[in-house]
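Residue strings, one per chain:
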Amino acid sequence: MPNALADSAVELGGGFSLSDSDLGLDGVAVDDDGETAIVYGANSYLRVLDANDPTEQIDLVWPGAQQLLDADFHPSGQTAFIVGEDGLVLRYAKQDHSVEKAAAESLLMFSDLTAVSWNTGGSWAYVGSVNGEIWRLRADSEGGAEIHELVGIGQGPIAAIDCHPTIMMCVVAASIEGIGIIDRDHAFTWVGGNSYPWTGVECPTGDSEYCVAVADNKAIALIELDPNDLSKSIPQVSTLPDINAYFIGINHQESDRTIIATTPANLIEHDISKNASYPWLNYTDINDINLTNGRIVGTWATGDDSGWIVTNRGYIVSYAPPTKGSASILNLWVVIAIPIATGLVVLSLVYASSPKLQYWWEVDEAKKNLVAEKRKRTRATKKRKGR
């Protein structure tokens with residue numbers, strides 16, 4: 001029976017566990033077609049799921065004990081790289097569900113690999129480590145791997161990498177150094193945000209030139225990608241100070257909408273086109289001990305407002321729009337920043353009917369300062385163009 005969420009924008013459906021024991025999962029990767037998902041984690045655990053019906057599963061066997069820390073499908077959707085401890089890079093092939101080593105660990109300095117993302121078009125994959133290294137990697141003609149280390153990298157852990165679907169640029173989120181950009185020539189540049197402990201980044205759609213990053217101290221950064229002007233990529237940061245949770249990751253929902261996962265277990269929608277965040281799933285409304293007892297390690301969409309949640313323990317549960325009589329999603333939206341397309345100052349609006357949500361999503365003065373600064377930059381740009 002679904003759990004009705006009185007003040008949340010979605011409700012939970014049925015859930016199930018992949019195992020009777022704690023699997024120690026670290027995340028989930030989904031192909032661009034939304035057909036196949038791979039969950040990965042401790043002791044080289046790998047399992048392929050039907051993304052629409054994850055009860056349909058295929059176990060993948062890799063005889064290792066390393067923790068698998070990140071994965072990404074090739075843009076073709078037919079293969080995926082999975083990376084983990086001690087320089088391990090695995091290649092999964094959808095055609096026969098085979099798993100094989102994609103590179104020698106020594107070429108990656110036996111480093112714990114924490115992030116991987118294929119670039120636009122899938123010619124190279126970028127791999128980041130806990131020591132701050134980033135390499136570009138691809139298979140060579142002899143069945144091995146061609147690997148080159150990028151220069152200008154920091155020393156803190158690379159938390160996440162994501163490449164834009166249509167613009168030949170990638171965004172790097174580091175736990176210490178901040179936000180970095182990789183351009184089409186594999187040149188790396190730090191662009192700002194070094195005072196935030198970033199945990200995730202998502203470039204959700206080719207229809208927008210923006211990516212969004214999140215930090216565990218409730219910060220959200222909007223990052224514009226322009227191959228001709230790297231200065232536009234300086235992060236525009238806002239915060240949600242009144243949320244009693246830490247931001248631990250971000251996944252694509254639909255179009256330019258993303259879902260931020262927190263601990264304790266909440267979900268927050270961030271809409272890039274509006275640069276606005278909305279309450280999605282409130283921890284206080286969850287009546288599912290299997291979800292609240294775990295840590296959300298990923299989500300994936302099956303529709304505009306529906307999808308699945310997976311926890312570190314291996315529990316998977318669906319979410320969907322409210323049933324008849326529940327609160328409307330539109331009634332719960334709270335704007336925290338101005339729309340990207342305009343330079344006008346827009347006051348933050350609270351549409352929530354719940355006093356609890358009105359308090360939870362109160363916008364602080366820092367966001368107003370961000371809006372004023374953006375208006376100032378826009379006016380300066382218009383003056384220069386008018387000369």
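As the structure is a computational prediction, the values presented were derived from the model and not from experiment. (Residues numbered from 1 in each chain as written. Predicted model: local features only at pLDDT ≥ 70, side-chain atom pairs only at ≥ 80, totals over all residues. Heavy atoms only, no water.)

A. Local environment of unusual backbone geometry. Looking along the chain, the bond that leaves Thr-263 and enters Pro-264 is cis, with omega of -5°. Along the chain, Pro-264 turns up in the loop between strand E23 (257-263) and strand E24 (267-271). You will see that Asn-43, though not glycine, has its phi angle at about 55°, which is positive. Tracing the chain through its elements places Asn-43 in the loop between strand E3 (36-41) and strand E4 (46-50). Owing to a relative accessible area of 55%, Asn-43 belongs among the exposed residues under this scheme. (Helix = DSSP H or I, 4+ residues; strand = E, 2+ residues; numbered from the N terminus. Buried < 20%, exposed > 50% of the residue type's maximum accessible area, 1.4 Å probe, protein only.)

B. Local environment of the state of the cysteines. A complete count under the given rule lists two disulfides for this structure. Look at the chain and number its bonded cysteines as they come in the sequence; the links are 1-2, 3-4. (Disulfide = S-S within 2.5 Å.)

C. Local environment of the confidence of the model for the chain. Averaged over the chain, the pLDDT score is 85; the fraction of residues at 70 or greater is 82%. The model gives residues 1-6 a pLDDT under 50, and that stretch makes 16 contacts with residues more than four places away or in other chains. In this model residues 326-387 is a low-confidence stretch, pLDDT under 50, and it forms 99 contacts with partners more than four residues away in sequence or in other chains. (pLDDT = per-residue confidence, 0-100. Contact = heavy atoms within 4.5 Å.)

D. Spatial organisation of the sheet that holds strand E12 (residues 134-139). The four strands are arranged E10-E11-E12-E13 in an open sheet whose pairing can be described as antiparallel. Every other strand in the sheet has two partners, leaving strand E10 (113-118) and strand E13 (145-149) as the edge strands with one partner each. Pairs of neighbouring strands in the sheet enclose a mean axial angle of 25°, with direction left out of account. (Pairing = 2+ DSSP bridges. Axes fitted to C-alpha atoms, helices over the stretch in contact; angles between N-to-C directions.)

E. Local environment of the packing of aromatic side chains. This structure, assessed with the given rule, holds six aromatic pairs. Between Phe-16 and Trp-308, the aromatic rings sit 6.4 Å apart at their centres with planes inclined by 70°, giving edge-to-face as the arrangement. Of this pair, Phe-16 sits in strand E1 (residues 11-17) while Trp-308 is found in strand E27 (residues 307-311), placing the two residues 292 residues apart along the sequence. Here the two residues Phe-16 and Trp-308 agree in accessibility, since each one is buried. A centroid spacing of 6.4 Å and a plane angle of 90° characterise the contact between Phe-73 and Tyr-92, whose relative ring orientation is edge-to-face. Of the two residues, Phe-73 sits in strand E6 (residues 68-73) while Tyr-92 sits in strand E8 (residues 89-93), which places them 19 residues apart along the sequence. Side by side, Phe-73 and Tyr-92 carry an identical accessibility label, which is buried. (Phe/Tyr/Trp six-rings, centres within 6.5 Å; stacked < 30°, edge-to-face > 60°.)

F. Quick peek at a negative patch on the surface. A cluster of acidic residues, Asp-32, Asp-33, Glu-35, Asp-50, Asp-53 and Glu-56, forms a negative patch at the surface. Inspection of the secondary structure assignment puts Glu-56 in the loop between E4 and strand E5 (57-60). (Patch = residues over 30% accessible without salt bridge, like charges linked within 9 Å, V, L, I, M, F, W, Y side chains within 5 Å. Areas by Shrake-Rupley, 256 points an atom, 1.4 Å probe, with all protein chains shown as cover. Salt bridge = Lys/Arg side-chain N within 4 Å of Asp/Glu carboxyl O. Lys, Arg positive; Asp, Glu negative; His and termini not counted. Charge placed at Lys NZ, Arg CZ, Asp CG, Glu CD.)

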